[in-house]
Amino acid sequence: MSDPIKIAYSPCPNDTFVFDAWAHGRVPGAPELDVTFADIDLTNGMAERGEFDVLKVSYAVLPWVLDEYALLPCGGALGRGCGPLVLTREAASPADLAGKTVAVPSERSTAYLLFRLWAAAEVPGGVGEVVVLPFHEIMPAVRDGKVDAGLVIHEARFTYQDYGLTRLADMGEHWEDTTTLPIPLGAIIAKRSLGDETLRELARAARTSVRMAWDDPEVSRPYVLAHAQEMDPAVADAHIGLYVNEFTADLGEAGYAAVRGLLTRAAAEGLVPPLGPGALGFV
């Protein structure tokens, strides 16, 4: 019997929903999983160090890891109307961010790339200092005046008003308006050294797992809520509804175009290394 596949993904509802059936041995013929939970800023670093067989990472980290890892064509997060937000204490315009301090969850995140592309177009002279804070500290830091603005992701779309904050801009809206493409957020990658046959097995298992979750969402609910960090069940459902969609089952033409578009634009701005030819190809 082969060793379990060592996988790391976040405790966020979209990931636990996607992987529930597979992690619990309900996907016929799928390799057994040895699951580690880690937020995406940690999994990005794990990928750069080559620490796991399979990882959920930011699309932004791909240019650094695609020599060792292959992008799976399913299991990740792309979408529409689900982009990161820039929040402030009081209503402001993009120009008001010039020279200001902005908290971000990671400089190797897709959210950060989208933010930098937006700021290059919308903030004359650019923002000032960028401060990296753990995701859960960003909204309190904006509320308490420790930073001028914060870049937030995921469930913060549904909860920022609880902190008395206001939305200055939606990075996803800017991306969609300027490209018409979906927003690339999180990718599933697997070590190329596993071999082509195993990579295809992993893609099949991920695709089957998400379809099983769609077929009977209640089955995954205990797993989702057990790891949702006291998140309100309604917020968890909204989170899944936003981030688990047709691109999770299959990136497809539009999905690949979105990923290439993001990384090509980011490379042109000097934010990431350029992709090699065929880097995004799957076996």
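A brief structural summary. Here the structure is a predicted model, which means the values were calculated and not measured. (Residues numbered from 1 in each chain as written. Predicted model: local features only at pLDDT ≥ 70, side-chain atom pairs only at ≥ 80, totals over all residues. Heavy atoms only, no water.)

## Examining helix H5 (residues 135–143)
Every α-helix carries 3.6 residues per turn, so stepping three or four residues along brings you back to the same face. Convention followed: We call a residue buried when its accessible area falls under 20% of the maximum for its residue type, exposed when it is over 50%, and partly exposed in between, using a 1.4 Å probe and counting protein chains only. In this description a helix means any DSSP run of H or I spanning at least four residues, a strand means any run of E spanning at least two, and both kinds are numbered starting from the N terminus. Contact criterion: two residues are considered in contact whenever any of their non-hydrogen atoms come within 4.5 Å of each other.
Among all positions of H5, only Ile138, Met139, Pro140, Ala141 and Val142 are buried. Buried-residue contacts for H5 involve strand S6 (85–88), strand S7 (102–104), strand S9 (149–152) and helix H6 (156–159). Positive backbone phi, approximately 80°, marks glycine 145, located one or two places after H5.

## Examining the packing of helix H7 (residues 171–179) against helix H12 (residues 252–268)
For clarity, the threshold we go by: Here an angle of 0 to 180 degrees is reported between the N-to-C directions of two axes, which are lines fitted to C-alpha atoms, with helices fitted over the stretch in contact. Roughly parallel covers angles under 35 degrees, roughly antiparallel covers those over 145, roughly perpendicular covers 65 to 115, and oblique covers all other angles. By the convention adopted, Pro, Cys, Tyr, Trp, Phe, Met, Ile, Leu, Val and Ala count as nonpolar, Lys, Arg, Asp and Glu as charged, and the other residues, Gly among them, as polar.
Where H7 contacts H12, the two axes come as close as 12 Å, and the packing angle between them is 100°. As judged from the angle between their axes, H7 and H12 are roughly perpendicular. Residues Trp175, Thr178 and Thr179 of H7 pack against Ala258, Gly261, Leu262 and Arg265 of H12. For the contact of H7 with H12, the per-class residue count stands at 3 nonpolar, 3 polar and 1 charged.

## A short note on the nonpolar core
Here is the rule we go by: In these notes, a set of buried Ala, Val, Leu, Ile, Met, Phe, Trp, Tyr and Cys residues joined through side-chain atoms within 4.5 Å is what counts as a nonpolar core.
Counting 57 residues, the largest nonpolar core has Leu55, Tyr59, Leu62, Val86, Leu97, Phe115 and Trp118 as its most contacted members. Counting residues per element, this core draws most heavily on helix H4 (residues 110–122), which supplies 8 residues. Sequence-distant contacts of leucine 62, defined by excluding residues within four places in its chain, comprise Val57, Leu71, Ala187, Ile189, Val259, Leu263 and Leu280. Residues Cys74, Ala190, Leu202 and Met231 belong to the second largest nonpolar core, which totals 32 residues.

Coordinates in, geometry out; function isn't part of it.
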